[in-house]
Amino acid sequence: MSSSRGKFITLEGVEGVGKSTCIEVIKSVLEAAGKSVVISREPGGTSVGERLREIFLDEGEVRMTAHAELLLIFAARTQHVHELIAPALAAGAWVVCDRFTDSTYAYQGAGRQLPEEEIARIEDIALGSFQPDLTLLLDLDAREGLERAVSDAEADRLESEQDEFFERVRNAFLQRSRQMAHKDRYRLVDASRPQDQVHSQIREIIKHFLNQTAEGKKR
Ligand SMILES: Nc1ncnc2c1ncn2[C@@H]1O[C@H](COP(=O)(O)OP(=O)(O)OP(=O)(O)O)[C@@H](O)[C@H]1O
Ligand SMILES: [Mg+2]
């Protein structure tokens, strides 16, 4: 296995934009370039995380407060980073994760309307300055995404939220992708196009990122 640290790639966007179907595309490009790849998802990724995921997505848990939801998600995430992501990166693997902290700013922040500073405080305790190296934001009209997702599986607790909630979530992702502190790691993908076009853009982004990473090493 390579001795240099791997890279951490995340996929973000509202329900049904195509995150999960893109993961395999990313994996195949990275493996073709000789990287070892670890795929994970949030909430989840570890046995503690998957148990917390069950509580989080349980349709019966309608009484969970916004703060309970926030703390639960960061509990799962700190476990995920320390148990799985950071050790894999240190061993030279590239980690690709379906959702990460950006989703918390979008859903618990813009969606549930928790103040950004509160999320930032908890993020600092749970993760310090740990951030993805690359984030693909799959952007799509929230209603279109939900229609894709709902035809695919039963709506879970979050998917039964109002359209307006998902519009706020979509806009929060877009806003965050433009913030000074985050814009360099973001790549915006128009997910309204046919799947083969979305996938070919994703292949290009990953190849370009691989080249950038290789050039960075030579300097
Ligand atoms: N570009 C596309 N055009 C049309 N349909 C698509 C496109 N991309 C994915 N789909 C379909 O939309 C559905 C949702 O895709 P997928 O499960 O990958 O989304 P997701 O972002 O992972 O959703 P969730 O957040 O609910 O996990 C699937 O049935 C998938 O085949
Ligand atoms: Mg998915």
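**Q** Help me understand helix α5 (residues 116-127) in this model?
**A** Since the α-helix advances by 3.6 residues per turn, residues separated by three or four positions end up pointing in the same direction. For α5, built from 12 residues, the straight-helix expectation of 16 Å at 1.5 Å per residue is met to within 8% by its first-to-last C-alpha distance of 16 Å. Among the residues making up α5, those that are buried are I119, I122, E123, A126 and L127. Across the axial projection of α5, the buried residues extend over an arc of 110°, all falling on one side. The exposed residues of α5 that point more than 90 degrees off its buried face are E117, R121, D124 and I125.

**Q** What exactly am I supposed to notice about helix α3 (residues 66-90) here?
**A** Here α3 is 25 residues long and its end C-alpha atoms lie 34 Å apart, about the 36 Å a rise of 1.5 Å per residue gives. At V81, α3 shows its maximal kink, close to 45°. Looking at the buried residues of α3, the elements they touch are β1 (8-12), β2 (37-41), α2 (47-57), β3 (94-98), α4 (101-111) and α5.

**Q** When you look at the packing of α4 against helix α7 (residues 163-176) in this model, what are you seeing that I'm missing?
**A** Axis angle and axis distance: for two packed helices, these are the angle between their axes and the distance between the axes, and together they describe the pair. Interaxial distance between α4 and α7 falls to 8 Å at its minimum, and their mutual angle equals 135°. Between α4 and α7, the interaxial angle falls into the category oblique. Crossing angle aside, the handedness with which α4 passes α7 is right-handed. Note on element contacts: α7 touches α4 through F165, F166, R168, V169, A172, F173 and R176, opposite D102, S103, Y105, A106, Y107, A110 and G111. Across the contact of α4 with α7, the residue classes tally to nine nonpolar, two polar and three charged.

**Q** Whenever I open this one, the packing of aromatic side chains confuses me. Can you help?
**A** One pair of aromatic rings is described through two measures. These are the centre distance and the angle between the planes. Scanning the model with the defined rule gives eight aromatic pairs in all. Seen from their ring centres, F8 and F100 are 4.9 Å apart, and the 85° between their planes marks the pair as edge-to-face. With F8 in strand β1 and F100 in the loop between β3 and α4, the pair connects residues that are 92 residues apart, well separated along the chain. Judged by centre distance (6.5 Å) and plane angle (80°), the ring pair of Y107 and F166 falls under edge-to-face. Taken as a pair, Y107 in helix α4 and F166 in helix α7 lie far apart in primary sequence, 59 residues in all.

**Q** I tried to follow unusual backbone geometry on my own but got confused; where do I start?
**A** Working note: non-glycine residues mostly have negative phi, and peptide bonds are mostly trans. Note that the residue after E42, namely P43, is joined by a cis bond; omega there is -10°. Its location among the elements puts P43 in the loop between β2 and α2. Despite not being glycine, R99 shows a phi value in the positive range, around 75°. When you line up the elements, R99 lands in the loop between β3 and α4. Take R99: its relative accessible area is 13%, and that puts it in the buried class.

The rules behind the values
Residues numbered from 1 in each chain as written. Chains lettered and ligands numbered in written order. Predicted model: local features only at pLDDT ≥ 70, side-chain atom pairs only at ≥ 80, totals over all residues. Heavy atoms only, no water. Helix = DSSP H or I, 4+ residues; strand = E, 2+ residues; numbered from the N terminus. Expected span 1.5 Å × (residues − 1). Buried < 20%, exposed > 50% of the residue type's maximum accessible area, 1.4 Å probe, protein only. Arc of directions from axis to C-beta. Bend = angle between axes of the 7 residues up to and from the residue. Contact = heavy atoms within 4.5 Å. Axes fitted to C-alpha atoms, helices over the stretch in contact; angles between N-to-C directions. Parallel < 35°, antiparallel > 145°, perpendicular 65-115°, else oblique. Left-handed = near helix turned anticlockwise from the far one by under 90°. Nonpolar A, V, L, I, M, F, W, Y, C, P; charged D, E, K, R; others polar. Phe/Tyr/Trp six-rings, centres within 6.5 Å; stacked < 30°, edge-to-face > 60°.

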